[in-house]
Amino acid sequence: CDSDYRGAVIINKIVLNFFESDQAINQSVDRFMREFPLQAAPVWVDVPLISNQEVYMNIALIKKYHDNMPRQEAWRLAVDCLGKIGLEHIAYKRNPVLTSEERFGVMLLRAAMVRAAMILIVKPFELIPHLNDIQMVTSMLKTIDELYVSCHIYDYQWMQEKYGDL
(Lines give C-alpha, C1' and ligand atoms only; values in the text may rest on other atoms or scores of the structure.)
Protein backbone atom coordinates (compact mmCIF):
# COMPACT_ATOMS: atom_id res chain seq x y z
CA CYS A 1 0.00 0.00 0.00
CA ASP A 2 1.33 3.46 -0.91
CA SER A 3 2.29 5.57 2.06
CA ASP A 4 0.42 8.57 0.64
CA TYR A 5 -2.82 6.64 0.01
CA ARG A 6 -5.88 6.55 2.24
CA GLY A 7 -9.11 4.95 1.06
CA ALA A 8 -12.63 4.49 2.35
CA VAL A 9 -15.79 2.83 1.01
CA ILE A 10 -19.05 4.77 1.11
CA ILE A 11 -22.60 4.05 0.01
CA ASN A 12 -21.57 0.48 -0.97
CA LYS A 13 -20.55 1.37 -4.54
CA ILE A 14 -18.44 4.47 -3.91
CA VAL A 15 -14.78 4.20 -2.96
CA LEU A 16 -12.97 7.32 -1.72
CA ASN A 17 -9.20 7.57 -2.12
CA PHE A 18 -7.08 10.43 -0.81
CA PHE A 19 -3.54 11.20 -1.95
CA GLU A 20 -0.75 13.56 -0.96
CA SER A 21 0.26 14.75 -4.45
CA ASP A 22 -0.63 15.10 -8.12
CA GLN A 23 1.99 12.50 -8.90
CA ALA A 24 0.34 9.96 -6.59
CA ILE A 25 -3.09 10.70 -8.08
CA ASN A 26 -1.81 10.42 -11.66
CA GLN A 27 -0.03 7.14 -10.92
CA SER A 28 -3.20 5.73 -9.38
CA VAL A 29 -5.30 6.91 -12.34
CA ASP A 30 -2.86 5.21 -14.73
CA ARG A 31 -3.00 2.02 -12.67
CA PHE A 32 -6.82 2.09 -12.60
CA MET A 33 -7.02 2.61 -16.37
CA ARG A 34 -4.63 -0.32 -16.95
CA GLU A 35 -6.41 -2.65 -14.53
CA PHE A 36 -9.90 -1.95 -15.90
CA PRO A 37 -9.40 -0.96 -19.55
CA LEU A 38 -12.93 -1.89 -20.68
CA GLN A 39 -14.82 -0.63 -17.65
CA ALA A 40 -12.82 2.46 -16.68
CA ALA A 41 -15.00 5.53 -17.12
CA PRO A 42 -13.15 8.71 -16.11
CA VAL A 43 -14.74 12.00 -15.06
CA TRP A 44 -11.74 14.29 -15.10
CA VAL A 45 -10.52 17.58 -16.56
CA ASP A 46 -8.12 15.54 -18.70
CA VAL A 47 -11.10 13.89 -20.44
CA PRO A 48 -13.20 16.86 -21.61
CA LEU A 49 -16.50 16.86 -23.45
CA ILE A 50 -16.45 17.16 -27.23
CA SER A 51 -17.02 20.90 -27.57
CA ASN A 52 -18.54 20.87 -31.06
CA GLN A 53 -21.23 18.33 -30.08
CA GLU A 54 -24.44 18.91 -28.15
CA VAL A 55 -24.66 17.51 -24.63
CA TYR A 56 -26.94 14.61 -25.61
CA MET A 57 -24.47 13.54 -28.32
CA ASN A 58 -21.54 13.53 -25.87
CA ILE A 59 -23.52 11.03 -23.81
CA ALA A 60 -25.10 9.03 -26.65
CA LEU A 61 -21.87 8.48 -28.61
CA ILE A 62 -20.61 6.00 -26.01
CA LYS A 63 -23.63 3.71 -26.46
CA LYS A 64 -23.76 4.24 -30.21
CA TYR A 65 -20.17 3.30 -30.91
CA HIS A 66 -19.24 0.98 -28.05
CA ASP A 67 -22.50 -0.98 -27.85
CA ASN A 68 -23.75 -0.46 -31.43
CA MET A 69 -26.97 0.99 -30.05
CA PRO A 70 -29.14 2.53 -32.78
CA ARG A 71 -28.70 6.30 -32.97
CA GLN A 72 -32.27 7.27 -32.03
CA GLU A 73 -32.29 4.86 -29.09
CA ALA A 74 -28.95 6.21 -27.82
CA TRP A 75 -30.23 9.79 -28.15
CA ARG A 76 -33.43 8.95 -26.21
CA LEU A 77 -31.39 7.22 -23.51
CA ALA A 78 -29.12 10.27 -23.18
CA VAL A 79 -32.04 12.68 -22.84
CA ASP A 80 -33.81 10.35 -20.38
CA CYS A 81 -30.66 10.17 -18.25
CA LEU A 82 -30.31 13.95 -18.32
CA GLY A 83 -33.89 14.10 -17.04
CA LYS A 84 -33.05 11.80 -14.14
CA ILE A 85 -30.54 14.33 -12.81
CA GLY A 86 -32.67 17.36 -13.69
CA LEU A 87 -30.64 18.48 -16.70
CA GLU A 88 -32.91 17.69 -19.65
CA HIS A 89 -33.05 21.42 -20.43
CA ILE A 90 -29.38 21.39 -21.49
CA ALA A 91 -29.64 18.47 -23.95
CA TYR A 92 -29.08 20.70 -26.99
CA LYS A 93 -26.45 22.98 -25.50
CA ARG A 94 -22.72 22.68 -26.07
CA ASN A 95 -19.87 22.51 -23.58
CA PRO A 96 -18.75 26.19 -23.65
CA VAL A 97 -22.11 27.49 -22.34
CA LEU A 98 -22.53 24.96 -19.51
CA THR A 99 -22.11 25.79 -15.84
CA SER A 100 -19.54 23.69 -13.97
CA GLU A 101 -22.37 21.69 -12.31
CA GLU A 102 -24.02 21.00 -15.68
CA ARG A 103 -20.70 20.03 -17.24
CA PHE A 104 -19.99 17.66 -14.36
CA GLY A 105 -23.43 16.04 -14.74
CA VAL A 106 -22.85 15.48 -18.46
CA MET A 107 -19.37 14.06 -17.85
CA LEU A 108 -20.79 11.75 -15.18
CA LEU A 109 -23.57 10.50 -17.47
CA ARG A 110 -21.12 10.02 -20.33
CA ALA A 111 -18.96 7.89 -18.02
CA ALA A 112 -22.00 5.91 -16.86
CA MET A 113 -22.72 4.90 -20.47
CA VAL A 114 -19.66 2.62 -20.50
CA ARG A 115 -20.76 -1.02 -20.21
CA ALA A 116 -20.38 -2.18 -16.57
CA ALA A 117 -18.94 1.25 -15.80
CA MET A 118 -16.39 1.70 -13.07
CA ILE A 119 -16.59 5.47 -12.82
CA LEU A 120 -13.41 7.26 -11.78
CA ILE A 121 -13.97 10.84 -10.61
CA VAL A 122 -10.64 12.62 -10.30
CA LYS A 123 -10.54 15.76 -8.12
CA PRO A 124 -14.25 16.66 -8.27
CA PHE A 125 -13.66 20.04 -6.59
CA GLU A 126 -11.38 20.95 -9.49
CA LEU A 127 -14.30 20.26 -11.84
CA ILE A 128 -16.77 22.19 -9.66
CA PRO A 129 -14.55 24.66 -7.74
CA HIS A 130 -17.19 26.54 -5.75
CA LEU A 131 -18.77 23.46 -4.11
CA ASN A 132 -18.51 23.44 -0.33
CA ASP A 133 -19.03 19.69 0.01
CA ILE A 134 -19.51 16.49 -2.01
CA GLN A 135 -23.30 16.27 -1.50
CA MET A 136 -24.23 17.31 -5.06
CA VAL A 137 -21.94 14.63 -6.49
CA THR A 138 -23.23 11.86 -4.22
CA SER A 139 -26.80 12.91 -4.93
CA MET A 140 -26.22 12.51 -8.68
CA LEU A 141 -24.50 9.16 -8.10
CA LYS A 142 -27.46 7.89 -6.05
CA THR A 143 -29.89 9.03 -8.76
CA ILE A 144 -28.08 7.06 -11.49
CA ASP A 145 -27.10 4.14 -9.25
CA GLU A 146 -28.34 1.51 -11.73
CA LEU A 147 -26.04 2.79 -14.48
CA TYR A 148 -22.68 1.89 -12.95
CA VAL A 149 -20.94 -0.92 -11.09
CA SER A 150 -18.74 1.24 -8.85
CA CYS A 151 -17.48 4.77 -8.47
CA HIS A 152 -13.97 5.64 -7.33
CA ILE A 153 -13.22 9.19 -6.25
CA TYR A 154 -9.59 10.32 -6.16
CA ASP A 155 -8.73 13.55 -4.40
CA TYR A 156 -6.08 15.24 -2.29
CA GLN A 157 -5.69 14.38 1.37
CA TRP A 158 -6.28 18.03 2.31
CA MET A 159 -9.72 17.98 0.62
CA GLN A 160 -10.97 15.27 2.97
CA GLU A 161 -13.03 17.65 5.11
CA LYS A 162 -15.24 18.45 2.08
CA TYR A 163 -16.35 14.80 2.09
CA GLY A 164 -17.97 15.10 5.52
CA ASP A 165 -19.22 11.84 7.00
CA LEU A 166 -18.81 9.78 3.85
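Throughout what follows, the structure given in this document is the object of discussion. Quantities reported herein were computed from a predicted structural model and do not represent experimental measurements.

1. Considerations on the packing of aromatic side chains
A ring pair, where both rings are aromatic, is described by two values, the distance of the centres and the angle of the planes.
Okay, step 1: Applying the stated criterion across every chain, the model contains eight aromatic pairs.
Okay, step 2: Summarising the aromatic geometry, the rings of F19 and Y154 are spaced 5.1 Å apart at their centres and angled 65° between planes, so their arrangement reads as edge-to-face. On the criterion of sequence distance, the pair formed by F19 in strand β2 (residues 14-19) and Y154 in strand β5 (residues 150-156) is long-range, its members being 135 residues apart.
Okay, step 3: A relative accessible area of 7% places Y154 in the buried class.
Okay, step 4: Between F32 and F36, the aromatic rings sit 5.1 Å apart at their centres with planes inclined by 55°, giving tilted as the arrangement.
Okay, step 5: For F36, a relative accessible area of 26% corresponds to the partly exposed category.
Okay, step 6: Positioned above the aromatic ring of Y148, the side-chain terminus of K13 is 4.3 Å from the ring centre.

2. Description of the pairing of strand β4 (residues 118-122)
Okay, step 1: The element β4 is largely enclosed, with a buried count of five among its five residues.
Okay, step 2: The alternating pattern of β4 places M118, L120 and V122 on one face and I119 and I121 on the opposite face, and all of these are buried.
Okay, step 3: In this sheet, β4 lies alongside strand β3 (residues 40-43) in parallel orientation, the contact comprising four bridges. Each residue of the ladder has a partner; that of A41, found in β4, is I119.
Okay, step 4: Relative to β5, β4 runs parallel, the two being bridged by five bridges. Residue pairing in the sheet places I121 in a bridge with I153 of β5.

Parameters at a glance
Residues numbered from 1 in each chain as written. Predicted model: local features only at pLDDT ≥ 70, side-chain atom pairs only at ≥ 80, totals over all residues. Heavy atoms only, no water. Phe/Tyr/Trp six-rings, centres within 6.5 Å; stacked < 30°, edge-to-face > 60°. Helix = DSSP H or I, 4+ residues; strand = E, 2+ residues; numbered from the N terminus. Buried < 20%, exposed > 50% of the residue type's maximum accessible area, 1.4 Å probe, protein only. Lys NZ or Arg CZ within 6 Å of the ring centre and 35° of its normal. Pairing = 2+ DSSP bridges.

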